Amino acid sequence: GATQKLALLQAHTSNLAVYAETTEVANILREMLGDIKTRREIIDKVDTEAKKLLADVIAKMVEWERKLVALGNAKDKARALQDSAKLEREKLNGDNHVIEIAATEQNE
């Protein structure tokens, strides 16, 4: 009688302990999965923001490269105009020199 009831009670208690432990493990695993899901959502959000920032930075870099090329072209054009003006001045100075020499020779 009593030993049989005690053995039966211990078996049920043991089964309850195993069930409770299994339930606790399942709850811990669910919490871990929830944490993983939350972390993945955060990582995805940060990744999306980083990709947007990269696209913005690349667009800005392209814009500045275009401006730099335009400035380089303007510099080259200004230098060409400056060189052309210098050649024109030198030609005029040479013409004036020739005129002065001719005038001096005529006066002599």
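Starting afresh in each chain, residues are numbered from 1 along the sequence in its written order. Residue-level local features of this predicted model are given only where pLDDT is at least 70; pairs of side-chain atoms are given and counted only at 80 or more, and the full residue set underlies all totals for whole chains, interfaces and linings. Calculated side-chain values reflect all of the structure's heavy atoms, with hydrogen atoms and water omitted.

1. A few points about the overall build of the chain
The way it works is that DSSP assigns letters per residue, a run of H or I at least four long becomes a helix, a run of E at least two long becomes a strand, and they are numbered from the N terminus. Across its full length, the chain carries 1 helix and 0 strands. A buried classification covers 0% of the 108 residues belonging to the chain. A total of about 10,200 Å² of accessible surface is found on the chain, and carbon and sulfur atoms cover 62% of it. Relative accessible area decides the class of each residue, using a 1.4 Å probe on protein chains only: under 20% of the type maximum gives buried, over 50% gives exposed, and in between gives partly exposed. For the area figures, the Shrake-Rupley method with a 1.4 Å probe applies, and any residue is considered shielded solely by the protein chains shown.

2. Digging into the pattern of salt bridges
Side chains bearing opposite charge may pair, as long as their charged atoms lie close to each other. Salt bridge, as used here: a side-chain nitrogen of Lys or Arg that lies within 4 Å of a carboxyl oxygen of Asp or Glu. Going through the model one piece at a time under the given rule, you end up with 4 salt bridges. Among the salt bridges present, the one from E63 reaches K60, with a minimum N-O distance of 3.6 Å. In this pair, E63 and K60 both sit in helix 1 (residues 2-107), 3 residues apart, roughly one turn of the helix. Exposure remark for K60: the relative accessible area of 44% places this residue in the partly exposed category. Across the salt bridge formed by K67 and E63, the nearest N and O atoms sit 3.2 Å from each other. Here K67 pairs with E63, and both are found in helix 1, just 4 residues apart, close to one helical turn.

3. Comments concerning a nonpolar patch on the surface
Put simply, a patch holds well-exposed residues, over 30% relative accessible area, that have no salt bridge, with like charges counted together within 9 Å and Val, Leu, Ile, Met, Phe, Trp or Tyr side chains within 5 Å. Judged by side-chain polarity, V25, I28, L29 and M32 come together as a nonpolar surface patch covering roughly 350 Å² of accessible area. Looking at where M32 falls in the secondary structure, it is placed in helix 1.

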